[in-house]
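Here is what each chain is made of, one letter per residue.
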Amino acid sequence: GSGLVKMETYKYDDQDNLIESRTYDGQGKLNYRQTFKFDEKGNEIEFIRFATSPSGFNRFMCRFEFDLFNNWVTRIEYENERPYKIVERELLYYM
């Protein structure tokens, strides 16, 4: 059959930043919801994904830190409030 496989909805703020998305399965059940936060410069500073699992909802989150040139240099990933991955990157600027 050619029924609905999945549906996604999107919500944006006044600056056209994606602030929320929701994904549903073919029966209309919510699979996960994602929220996004931005700083005053438009940099994404937080991403949270609430995912359905057999044991309930899991919460995945990323937080970002930026350098003086607005590039992220640290990304911390969390699962259910516990940090499990830290990514640091060094950027070289030639001026």
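Residues numbered from 1 in each chain as written. Predicted model: local features only at pLDDT ≥ 70, side-chain atom pairs only at ≥ 80, totals over all residues. Heavy atoms only, no water.

**Q** Got a minute to help me understand the overall build of the protein in this structure?
**A** When helices and strands are counted, the protein shows zero helices and seven strands. Along the chain direction, N to C, the helices and strands of the protein fall in the order β-β-β-β-β-β-β. Here the C-alpha atoms of the protein give a radius of gyration of 17 Å, more than 25% beyond the 12 Å that 2.2 N^0.38 yields for 95 residues. Across its three principal axes, the protein shows a C-alpha extent of roughly 60 × 30 × 25 Å. Residues counted as buried form 27% of the 95 residues belonging to the protein. On the protein, roughly 7100 Å² of surface is accessible, and the fraction owed to carbon and sulfur atoms is 50%. Charged side chains in the protein number 14 positive and 17 negative. The centres of these two groups are separated by 6 Å. (Helix = DSSP H or I, 4+ residues; strand = E, 2+ residues; numbered from the N terminus. Rg over C-alpha atoms; globule rule 2.2 N^0.38 Å. Buried < 20%, exposed > 50% of the residue type's maximum accessible area, 1.4 Å probe, protein only. Areas by Shrake-Rupley, 256 points an atom, 1.4 Å probe, with all protein chains shown as cover. Lys, Arg positive; Asp, Glu negative; His and termini not counted. Charge placed at Lys NZ, Arg CZ, Asp CG, Glu CD.)

**Q** When you look at the side chain of Asn43 in this model, what are you seeing that I'm missing?
**A** With respect to the element layout, Asn43 can be found in the loop between strand 3 (30-38) and strand 4 (44-53). With a relative accessible area of 12%, Asn43 lands in the buried category. Ignoring sequence-local partners within four residues, the contact set of Asn43 consists of Lys37, Phe38, Phe66 and Asn70. (Contact = heavy atoms within 4.5 Å.)

**Q** Sorry, what's going on with the environment of Arg89 here?
**A** With respect to the element layout, Arg89 can be found in the segment after strand 7 (82-88). Sequence separation between Arg89 and Arg75 is 14 residues, and the spatial gap between their C-alpha atoms is 8.8 Å.

**Q** Where do I start with the nonpolar core in this structure?
**A** If you look at soluble globular proteins, the nonpolar side chains tend to sit buried side by side. In terms of nonpolar packing, the biggest core is built from five residues, these being Phe36, Phe47, Cys62, Phe64 and Trp72. The residues contacting Cys62, other than those within four sequence positions of it, are Ile45, Glu46, Phe47, Arg75, Ile76 and Glu77. (Core = buried A, V, L, I, M, F, W, Y, C linked by side-chain atoms within 4.5 Å.)

**Q** Sorry, what's going on with the packing of aromatic side chains here?
**A** In this description, a pair of aromatic rings is defined by centroid distance and the angle of the planes. For the structure shown, the criterion picks out three aromatic pairs. For the pair Phe36 and Phe47, a centre-to-centre distance of 5.4 Å together with 40° between the ring planes defines the contact as tilted. With Phe36 in strand 3 and Phe47 in strand 4, this residue pair connects regions lying eleven residues apart in the sequence. Phe47 matches Phe36 in its accessibility class, with the two residues each being buried. An angle of 65° between the planes, with centres 6.0 Å apart, marks the rings of Phe64 and Trp72 as edge-to-face. (Phe/Tyr/Trp six-rings, centres within 6.5 Å; stacked < 30°, edge-to-face > 60°.)

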